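The residues making up each chain are set out below.
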Amino acid sequence: MNANVMDLLPEFALGNLPADEMERVARAVTASPSLQAAVDAITEELAGEIGAGLPPVPPSSEVRARLVQTVGGVERFAPFFAAMADALDLTTDAIRRLCLRIDRPNEWDAGPRPGIQLIHFRPGPRLAAAVDAGLVRMTPGTA
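Analysis parameters
Note that residues are indexed from 1 along each chain, following the sequence as it is written. Local features in this predicted model are restricted to residues whose pLDDT is 70 or higher, and side-chain atom pairs enter the listing and the counts only when it is 80 or higher, whereas totals over whole chains, interfaces and linings include all residues. With hydrogens and water stripped out, all remaining heavy atoms of the structure feed into the side-chain values. A patch is a set of surface residues, each over 30% in relative accessible area and not in a salt bridge, joined within 9 Å for like charges and within 5 Å for the nonpolar side chains Val, Leu, Ile, Met, Phe, Trp and Tyr. For every accessible area listed, the method is Shrake-Rupley and the probe measures 1.4 Å; residues are considered covered only by the protein chains on display. Salt bridge criterion: a side-chain nitrogen from Lys or Arg within 4 Å of a carboxyl oxygen from Asp or Glu. Charge assignment in this entry is limited to Lys and Arg as positive and Asp and Glu as negative, and neither His nor the chain termini are counted. One atom stands in for each charge, and that atom is NZ of Lys, CZ of Arg, CG of Asp or CD of Glu. Counting from the N terminus, the helices are the DSSP runs of H or I reaching at least four residues and the strands are the DSSP runs of E reaching at least two. Pairing of aromatic rings covers Phe, Tyr and Trp, the last counted by its six-membered ring, and requires centre-to-centre distances within 6.5 Å; plane angles under 30 degrees mean stacked, over 60 mean edge-to-face, and any other angle means tilted. The rule for a charge over a ring is simple: NZ of Lys or CZ of Arg within 6 Å of the ring centre, and within 35 degrees of the ring normal. Each polar contact in these results corresponds to two N or O atoms within 3.5 Å; when the atoms are within protein, one needs to be able to donate a hydrogen and the other to accept it, and residues that are neighboring in sequence are counted only if both atoms are side-chain atoms. Note on method: axes are straight lines fitted to C-alpha atoms, helices fitted across the in-contact stretch only, with angles between N-to-C directions ranging 0 to 180 degrees. For classification, angles of less than 35 degrees are called roughly parallel, those exceeding 145 degrees roughly antiparallel, those between 65 and 115 degrees roughly perpendicular, and all remaining angles oblique. Note on definitions: a residue-residue contact is assigned when non-hydrogen atoms from the two residues lie within 4.5 Å. All amino acids are sorted into three groups, where Ala, Val, Leu, Ile, Met, Phe, Trp, Tyr, Cys and Pro are nonpolar, Asp, Glu, Lys and Arg are charged, and the leftover types, Gly among them, are polar. For a helix, the expected span equals 1.5 Å multiplied by the residue count minus one. For each residue, the accessible area found with a 1.4 Å probe, counting protein chains only, is set against the maximum for its type, and the residue is called buried under 20%, exposed over 50%, and partly exposed in between. Along the arc lie the directions from the helix axis toward the C-beta atoms. Note on terminology: a nonpolar core comprises buried Ala, Val, Leu, Ile, Met, Phe, Trp, Tyr and Cys residues joined through side-chain atoms within 4.5 Å.

Turning our attention to a negative patch on the surface. Where like charges cluster on the molecular surface, the negative patch consists of D40, E44, E45 and E49. Tracing the backbone through its elements, the reader meets E45 in helix α3 (residues 33-52).

Moving on: the packing of aromatic side chains. Tallied over the full model, the rule gives zero aromatic pairs. Note that R137 overlies the ring of W108, its terminal NZ or CZ placed 4.1 Å from the centroid.

Our focus in this paragraph is the side chain of S32. Following the sequence through the fold, S32 ends up in the loop between α2 (19-31) and α3. At a separation of 3.0 Å, a polar atom in the side chain of S32 contacts the side chain of S34.

What follows concerns the packing of helix α5 (residues 78-88) against helix α6 (residues 92-100). A pair of packed helices can be characterised by two numbers: the angle between their axes and the separation between those axes. Contact geometry for α5 and α6: axes closest at 9 Å, N-to-C directions at 105 degrees. Judged by the angle between their axes, α5 and α6 are roughly perpendicular. Taken together, the residues of α6 that come into contact with α5 (itself represented by F81, M84, A85 and L88) are T92, I95, R96, L98 and C99. Among the residues forming the contact of α5 with α6, the class breakdown is seven nonpolar, one polar and one charged.

Here the focus is α3. Between the first and last C-alpha of α3 there are 29 Å, a value that for 20 residues agrees with the 28 Å anticipated at 1.5 Å per step. Looking only at α3, the buried set comprises L35, A38, V39 and I42. Viewed end-on, α3 has its buried residues packed into an arc of 100 degrees, placing them on one side of the element. Exposed positions of α3 whose direction lies more than 90 degrees from the buried face are P33, E44 and A52.

Most often, soluble globular proteins keep nonpolar side chains buried together rather than apart. Formed by 15 residues in total, the largest nonpolar core has its most connected members in I95, C99 and L135. Residue assignment for this core shows that the elements contributing at least two residues are α5 and α6. Take this core: its biggest share by element is four residues, from α5. With twelve residues, the next largest nonpolar core counts L8, L17, L35 and I42 among its residues.

Scanning the entire structure with this criterion turns up eight salt bridges. Close ionic contact of R27 with E23 constitutes a salt bridge, the shortest N to O distance being 3.1 Å. Note that R27 and E23 are positioned in helix α2 at a spacing of four residues, about one turn of the helix. The residues R27 and E23 share a single accessibility class, namely exposed. Notably, a salt bridge pairs E107 with R101, separated by 2.8 Å at the nearest N-O pair. E107 sits in the partly exposed class, given a relative accessible area of 21%.

Dropping the structure here:
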């Protein structure tokens, strides 16, 4: 039965089988992790093909504004807040405030070489003996 079911999976994924066949294939897929994986792969491939054939739809102004704010704002660093807080012995709020400084040109000091800029800050108590702590920004191509 699995060979016959395998042949029907593309039509099953599209919902193009008669009701009795859909039910039979659905039972087989539910009972078989390998068949479910095959349906998932077919569905993903079909979604990509269908999506590629559709004209692009521009986002609404509200969605675009949210996207630009997220990508351009401090929250773009949110996935790193916890790790930075742990590494630098600072609170997450302190890390958020530190990351806010990144987009302010006047926060950056000239580095030791052209193409390098620095933001200096004090790390937390565990790193009190550190000689220096900071963020480094390098222009592309800087060694």
